[in-house]
Amino acid sequence: MGVLEYAAGHIDEARSVAGVGDVFEEWNPGFRLRWGVHEGQAEWEGCGVVWIQEGRGEVWLPRGYRTKEGDGDPLPGCYRPEPAPSEWIDAVRYAAGRVDGFSGELRQALAGLCARLKGDRYIGDCANDLWAWLEHDGVAPDRECAAFVEVFERWYDQVGWSVKSESSWEPVQAGDQILLTSERLRVRGRFRYWAIDSPRQIGHISALRRLRYLRDTAGGCNFQWNAFRRMSLTYYPRRGATPENPDGINQVNSHFVNIAAETSRAHYHPRVAIGGGKPQGEFYFVLDPAVYALSTYGRAAGLELWPDIDDRARRIHLPLRPGSVVYITPGTGHRGVDVFANVVVLPGYKLKNQVFL
C-alpha cells in the first residue's frame, strides 16, 4: 500500500478524480468511486450509495415505501408515522424529563433523542444521538435512567419509520442521497453525482435520505456559524458487530456539515483503529452552500492537512470549491475550514476513533 496522505481533485477534472479513486480504492478493496451525469429516465440498481452534487431529479416511490425521514421538514401528507412500541414511548417521555440533569454534548444527545417524539408517534432516525451519547461516555446516574438508556440501545434501529400511502414521483436535489440495492429504482431528471460502490448491500436505511427532511443536529465542527449538520447515512452502533467484524453492518457513513474555522478542531483517525476493525478514511465532497441558503460571508473554503501528526509545522492548505473532492487516508491530520461538505467516512464514525491534535 502506498503512503500518500491524501488525494484531491474536482468533478470537472476527470484525471484528478481518477487519481483520487485510485488512492481510495487502494485503501478500500472492494469499493469504487464513481462520478457522472444522469440525464433522462432510467432504472437504477447496484450496491452502494449515490449523492447528488448539483441539479435536480425525481425518484418513483411506491405505496408502502418506508423511510426514517421527517424529523426535519415534515414529509408530504401521504406519509403516516408507524406506531412505536409503548416501551419506547414511555422511555422517551421519561428521558425528556431528565434532559436538564445533563450538560454539553450529553444534554444535546439526549435532547435530540427526545425531540423526535410527536404525541404518541416517534419520527426519524435517532442513531446519531445515541452514537453521540456513547461517544461522550454517557453514564446514567441512577437505575431508572439506566433502564431507559438500555431501551434506547435495544430499539433505536426499529423505530422512527413513516410509510407512504400512495405511489408517486418525489423530488431530489443537491445533497440528497440515493441508495443502490438489488431492487430497481426509477430515477429521472438531470443532475451530477458522486457514488461509492460497496462490496455488500447496505440494508439499514431507506432508498432516499433528503436533507430537507432530516433534523439539523448542529454540533461537532459547527454549532454557531450557519450551523448545519444532517446525517444522511448514520453509524449504527453495535449492530452486527462480531469479534471477527467489529464494524458490524457499517460500511459507509455520510453527514453534511457546514464547517466553521472557529469551531473546527484538527484531528486524525489512527491507522490502527481504536476498538479494532478497519481503519477510518474520510472523503470531503464539497457542495455549494447557496443550495441551502448558507452564506459564505466572503470566506474562502479550505482543508488543512498534517501529513505527519508529530510535525505540526508541516501543514498543507488545500483551497476548495463546489465540486472539489478530497480523500484523506487514515492517520492523516485534518481540519475543514469554512467549507460546506458531505463528509463520507469508511467504514464509519467509529466510537472513540477520533484523536484531536
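Reference entry: report on the structure contained in this document. (Residues numbered from 1 in each chain as written. Predicted model: local features only at pLDDT ≥ 70, side-chain atom pairs only at ≥ 80, totals over all residues. Heavy atoms only, no water.)

1. Some details on the overall build of the protein chain
Alright, step 1. Looking only at helices and strands, the protein chain has five helices and 22 strands in total.
Alright, step 2. Since a compact globule built from 357 residues should have a radius of gyration of about 21 Å, the 20 Å found for the protein chain is in line with a globular shape.
Alright, step 3. Taken along its principal axes, the extent of the C-alpha atoms in the protein chain is 55 × 50 × 45 Å.
Alright, step 4. Buried residues in the protein chain amount to 55% of all 357 residues.
Alright, step 5. Put simply, of all contacts in the protein chain between residues at least 6 apart along the chain, 82% involve residues at least 24 apart.
Alright, step 6. For the protein chain, the accessible surface area stands at approximately 15,000 Å², while carbon and sulfur atoms represent 49% of it.
Alright, step 7. Here the protein chain carries 42 positive and 45 negative side-chain charges, and the mean point of each set is 3 Å from the other. (Helix = DSSP H or I, 4+ residues; strand = E, 2+ residues; numbered from the N terminus. Rg over C-alpha atoms; globule rule 2.2 N^0.38 Å. Buried < 20%, exposed > 50% of the residue type's maximum accessible area, 1.4 Å probe, protein only. Contact = heavy atoms within 4.5 Å. Areas by Shrake-Rupley, 256 points an atom, 1.4 Å probe, with all protein chains shown as cover. Lys, Arg positive; Asp, Glu negative; His and termini not counted. Charge placed at Lys NZ, Arg CZ, Asp CG, Glu CD.)

2. Considering the pattern of salt bridges
Alright, step 1. Under the defined criterion, the tally for this structure stands at 28 salt bridges.
Alright, step 2. The shortest N-O distance in the salt bridge between Arg107 and Asp100 comes to 2.6 Å.
Alright, step 3. Using a relative accessible area of 63% as the deciding quantity, one classes Asp100 as exposed.
Alright, step 4. Linking Glu150 and Arg154 is a salt bridge whose minimum nitrogen-to-oxygen distance equals 3.0 Å. You can see Glu150 and its partner Arg154 sitting in helix 5 (residues 143-155), four residues apart, about one turn around the helix.
Alright, step 5. Residue classification places Glu150 among the partly exposed positions, given a relative accessible area of 41%.
Alright, step 6. Using a relative accessible area of 34% as the deciding quantity, one classes Arg154 as partly exposed.
Alright, step 7. Members of the salt-bridge network, linked through shared partners, are Glu69, Lys164, Glu170 and Arg210. (Salt bridge = Lys/Arg side-chain N within 4 Å of Asp/Glu carboxyl O.)

3. A closer look at empty space enclosed by the protein
Alright, step 1. Tallying each qualifying case throughout the model produces one cavity of 30 Å³ or more.
Alright, step 2. In this structure, the largest cavity encloses a volume near 80 Å³.
Alright, step 3. Looking at the lining of the largest cavity, its residues break down into two nonpolar, three polar and six charged. (1 Å grid on protein atoms, 1.4 Å probe; cavity = no way out; pocket = protein on both sides within 12 Å on 5 of 7 lines; lining within 4 Å. Points joined across faces, edges and corners; volume = space filled by probe spheres on them. Nonpolar A, V, L, I, M, F, W, Y, C, P; charged D, E, K, R; others polar.)

4. Description of the side chain of Asp71
Alright, step 1. With respect to the helices and strands, the residue Asp71 is situated in the loop between strand 4 (66-67) and strand 5 (79-81).
Alright, step 2. A distance of 2.7 Å separates polar atoms of two side chains, one belonging to Asp71 and the other to Arg116.
Alright, step 3. Those residues in contact with Asp71 that lie beyond four places of it in its chain are Arg116, Ile123, Gly124, Asp125, Tyr213, Leu214 and Arg215. (Polar contact = N/O pair within 3.5 Å; in protein donor to acceptor, adjacent residues only side chain to side chain.)

5. Quick notes on the sheet that holds strand 8 (residues 162-164)
Alright, step 1. In spatial order, the strands read 4-8-5; together these three strands make up an open sheet with antiparallel pairing. The open sheet has two edge strands with one neighbour each: strand 4 and strand 5.
Alright, step 2. Pairing geometry for strand 5 and strand 8, over three bridges, is antiparallel. The residue bridging Pro81 from the neighbouring strand is Ser162, located in strand 8. (Pairing = 2+ DSSP bridges.)

6. Notes on the layout of surface pockets
Alright, step 1. The computed volume of the second largest pocket comes to approximately 460 Å³.
Alright, step 2. Lining the second largest pocket are 21 residues, and of these Tyr65, Thr181, Glu183, Leu185 and Ala207 sit closest to its centre.
Alright, step 3. In terms of residue class, the lining of the second largest pocket is built from 12 nonpolar, four polar and five charged.

7. Topic: unusual backbone geometry
Alright, step 1. The omega angle of the peptide bond from Leu346 to Pro347 is 0°, so this bond is cis rather than trans.
Alright, step 2. Positive phi values are uncommon outside glycine, yet Ala293 reaches one of about 55°.
Alright, step 3. In this fold, Ala293 is placed in the loop between strand 16 (281-286) and strand 17 (302-306).
Alright, step 4. Phi angles above zero are rare outside glycine, and Tyr297 is one such case at about 55°.
Alright, step 5. Topologically, Tyr297 is positioned in the loop between strand 16 and strand 17.
Alright, step 6. Judged by relative accessible area, which is 53%, Tyr297 ranks as exposed.

8. Concerning the state of the cysteines
Simply put, the disulfide is a covalent bond whose two ends are the sulfur atoms of two cysteines.
Alright, step 1. Considering all chains together, one arrives at zero disulfides under this definition.
Alright, step 2. No disulfide involves Cys114; its sulfur sits 9.7 Å from that of Cys126, the nearest cysteine.
Alright, step 3. In this structure Cys114 comes out as buried when scored by relative accessible area, which is 11%. (Disulfide = S-S within 2.5 Å.)

9. Some points on helix 2 (residues 86-96)
Alright, step 1. Three or more residues of helix 2 are buried, namely Trp88, Ile89, Ala91, Val92 and Ala95. Each buried residue of helix 2 lies within a common arc of 165° when the element is viewed along its axis, so the set occupies one face.
Alright, step 2. Contacts made by the buried residues of helix 2 are with helix 3 (104-115), strand 6 (117-118), strand 7 (121-122) and helix 5. (Arc of directions from axis to C-beta.)

10. What about the nonpolar core?
In summary, soluble globular proteins display a tendency toward joint burial of nonpolar side chains.
Alright, step 1. In terms of nonpolar packing, the biggest core is built from 49 residues, with Trp88, Leu110, Tyr122, Phe152 and Tyr284 touching the most fellow members.
Alright, step 2. Look past the residues within four positions of Leu110 in its chain and what remains in contact with it is Ala95, Arg98, Val99, Phe102, Trp133, Phe148 and Phe152.
Alright, step 3. The next biggest cluster of nonpolar side chains, apart from the first, holds 32 residues, and it includes Val49, Phe283, Leu294 and Tyr327. (Core = buried A, V, L, I, M, F, W, Y, C linked by side-chain atoms within 4.5 Å.)

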